[in-house]
Structure formats: C-alpha cells, structure tokens
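Residue-level listing of the chains:
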Amino acid sequence: MLKLLVPCMVVNTLYDIKLTELKQRGIRGIAFDLDNTIIPWNSSKICPEVLLWLNHLAAQGFKLCLVSNNGKERVRKIAAQCGAPFVAWALKPSRSGFRQAAQAMGLSPDTVAVVGDQLFTDILGGNRLGMITIWVKPLTTKEFVGTKITRELEKLAVHLLKATGRL
Ligand SMILES: [Mg+2]
C-alpha cells in the first residue's frame, strides 16, 4: 500500500515538470487533477500563466485531459477554457477515472502521466494503473474540509516514506 503512494516525480510547481524527460519515457498525454493543481480550490478560472503553459504542452505534442472528483458542470466549464477533454466524478483513487482519461486522449494508460497535488487520490490512483505519477505542491492552503482530513494522513504517509527512504 505504502509503495503505491510513492510518486515517480515530485515538483514544486507545474512549470518544473521536465517535459523532455516525459517524452523520453514515452509519455504522450497528461491527466491533470483540477483543484489546487491547475486552479486554486473552488476557483472557476484557469489563470493566464497556467493557460499559457497548458497551450505550450499541447504545442509540444502532449495530449491533455482533466480528471476530477468534482461535479460535471464545474469541470466542464474549466476544461472548456483549455480545450481539453475531461472526466468528472472520477472517484479517485479509483482506476476507472484515469482509464477514461487515457481513453479520452486516445492513448493507452502506460503512455499517460498523472499530475496532481494529493497522494491519496491522484498519485495512488495513477500508480494503481501503472502510470507515471507527478506530485505537485498544492496551489493554495484553502481546501475542501474532507481534503484537510486526508492531508493529515498524507503528512503521516510522507513521514513514513521519508523515514524509509522512499521519498
Ligand atoms: Mg487536487
């Protein structure tokens, strides 16, 4: 279980993701978490800087998809801003949402990387499907109350992973 929480890569911001390395590892698509990964929690607009970076990814030949546990209406509106397909009600860490994301990009899961701010949803779910997982620091400290609880578990997991040299 603990092994499945270990991200393949850890970055401070989206812009630190090494695109060349992803290409070299055969990655052709990226599935992004929404809240606190590409937009601040509860926000409805992707900021111009992130939007520019997402466009840059697409120009580099990467396919994009949004994967969120949030409801369809909100996710659809945000996905429209970057012209990407989306999976709402993804039930992460279930594998099905990530499978659907790969499908939406027309790719097999082993060519898709997952980017997200939570170990227990994004990283666990992506790892369960054998995807390359990238853990990014949350954009803000404002979060859903349920997430705040999971964060405490996450802190514990990080402590254990660091103590055992896995992170
Ligand atoms: Mg998130």
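Residues numbered from 1 in each chain as written. Predicted model: local features only at pLDDT ≥ 70, side-chain atom pairs only at ≥ 80, totals over all residues. Heavy atoms only, no water.

A short note on the nonpolar core
Here is step 1: In this structure, I17, L22, F32, I38, L54, L57 and I134 are the most contacted members of the largest nonpolar core, which totals 31 residues.
Here is step 2: Of all the secondary-structure elements, those providing two or more residues to this core are β1 (9-11), α1 (19-24), β2 (29-32), α2 (48-59), β3 (63-67), α3 (72-82), β5 (112-116) and β6 (132-136).
Here is step 3: The contacts of L54, once residues within four sequence positions are left out, are F32, I38, I46, L64 and C82. (Core = buried A, V, L, I, M, F, W, Y, C linked by side-chain atoms within 4.5 Å. Buried < 20%, exposed > 50% of the residue type's maximum accessible area, 1.4 Å probe, protein only. Helix = DSSP H or I, 4+ residues; strand = E, 2+ residues; numbered from the N terminus. Contact = heavy atoms within 4.5 Å.)

Quick word on the pattern of salt bridges
Here is step 1: Overall, the coordinates contain nine salt bridges when judged by the stated rule.
Here is step 2: A salt bridge links E143 to R151, with the shortest nitrogen-to-oxygen separation between them at 2.6 Å.
Here is step 3: Of the residues examined, E143 reaches a relative accessible area of 11% and is grouped as buried.
Here is step 4: Residue R151 is classed as buried on the basis of its relative accessible area, which comes to 11%.
Here is step 5: One salt-bridge network, in which partners are shared between bridges, spans D117, E143, R151 and E154. (Salt bridge = Lys/Arg side-chain N within 4 Å of Asp/Glu carboxyl O.)

Digging into the coordination of the magnesium ion
Here is step 1: Around the magnesium ion, the protein supplies D33 (OD), D35 (O) and D117 (OD) as donor atoms, at distances of 2.1 to 2.2 Å.
Here is step 2: Sequence positions of the residues that donate to the magnesium ion give the spacing D-x1-D-x81-D. Highlighted residues: D33 in the loop between β2 and α2 and D117 in the loop between β5 and α5 (119-128), separated in sequence by 84 residues.
Here is step 3: With relative accessibility at 8%, the residue D33 sits in the buried group.
Here is step 4: Judged by relative accessible area, D117 falls into the buried class, the value being 1%. (Donors = N, O, S within 2.8 Å, 3.2 Å for Na, K, Ca; no water.)

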